[in-house]
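Observations on chain architecture
Each chain is listed here by its residues.
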Amino acid sequence: DWADAAQYSRAWIQLDPEDFPTAYLLNALANARLNKMEEAERAAREGVRVDKNHQVARLSYVLGIILMEKHAYSESEKFLRTFLELAPNAKDAPLVRAQLVELEKVAR
């Protein structure tokens, strides 16, 4: 249930906004699934900021996809590339590489 996920992750963030970047990832995903893209972007950006040790690479991927949806292609490309740098062997890395190729075509 995405509404519950958004609610609980938001509560988690309010309890400790600096130590759990995974809460921001869950919040960004839930809000994106609920088509609340501004909230999703805000959560993903804040999660990237909080994740100083880059332990949650998926935050960069999610932010890249959100930005792609907003047609912010160059910024999207930056975050997708960051994801690949942080998690080059992720099982969906080939998909992300293909998305980057498509982004480059659209951005021209």
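Here, the structure is the one placed above.
Residues numbered from 1 in each chain as written. Predicted model: local features only at pLDDT ≥ 70, side-chain atom pairs only at ≥ 80, totals over all residues. Heavy atoms only, no water.

Time to look at helix H3 (residues 37-50). Relative to the 20 Å expected for 14 residues at 1.5 Å per residue, H3 spans 20 Å between its end C-alpha atoms, a close match to the ideal helical length. Turning to H3, its buried residues number three or more, namely Ala-40, Glu-41, Ala-43, Ala-44, Gly-47 and Val-50. Tucked inside the fold, the buried residues of H3 contact helix H2 (21-33) and helix H4 (58-69). (Helix = DSSP H or I, 4+ residues; strand = E, 2+ residues; numbered from the N terminus. Expected span 1.5 Å × (residues − 1). Buried < 20%, exposed > 50% of the residue type's maximum accessible area, 1.4 Å probe, protein only. Contact = heavy atoms within 4.5 Å.)

Before going further, it helps to spend a moment on the pattern of salt bridges. Under the criterion given, the structure shown has 10 salt bridges. Arg-45 is the salt-bridge partner of Glu-75, the closest N and O atoms lying 2.9 Å from each other. Residue Glu-75 is found in helix H5 (residues 73-86), and its partner Arg-45 is found in helix H3; the two are separated by 30 residues along the sequence. Residue classification places Glu-75 among the partly exposed residues on the basis of a relative accessible area of 27%. For Arg-45, a relative accessible area of 31% corresponds to the partly exposed category. (Salt bridge = Lys/Arg side-chain N within 4 Å of Asp/Glu carboxyl O.)

For the rest of this paragraph, the subject is helix H6 (residues 93-107). Across its 15 residues, H6 extends 21 Å between first and last C-alpha, which sits within 8% of the 21 Å expected from 1.5 Å per residue. Turning to H6, its buried residues number three or more, namely Ala-93, Val-96, Gln-99, Leu-100 and Leu-103. Seen along its axis, H6 keeps its buried residues to an arc of 105 degrees; they face one direction. Structural note: H6 exposes Pro-94 and Lys-105 on the side pointing more than 90 degrees away from its buried face. Buried residues along H6 sit against H4 and H5. (Arc of directions from axis to C-beta.)

Applying the stated criterion across every chain yields a total of two aromatic pairs. Their ring planes at 40 degrees and their centres at 5.6 Å tell us that Trp-12 and Phe-20 sit as a pair that is tilted. Note on Trp-12: relative accessible area 31%, which makes it partly exposed. Look at Tyr-61 and Phe-83: their rings are 5.3 Å apart centre to centre, the planes differ by 45 degrees, and that puts the pair in the tilted class. Residue Tyr-61 is found in helix H4, and its partner Phe-83 is found in helix H5; the two are separated by 22 residues along the sequence. (Phe/Tyr/Trp six-rings, centres within 6.5 Å; stacked < 30°, edge-to-face > 60°.)

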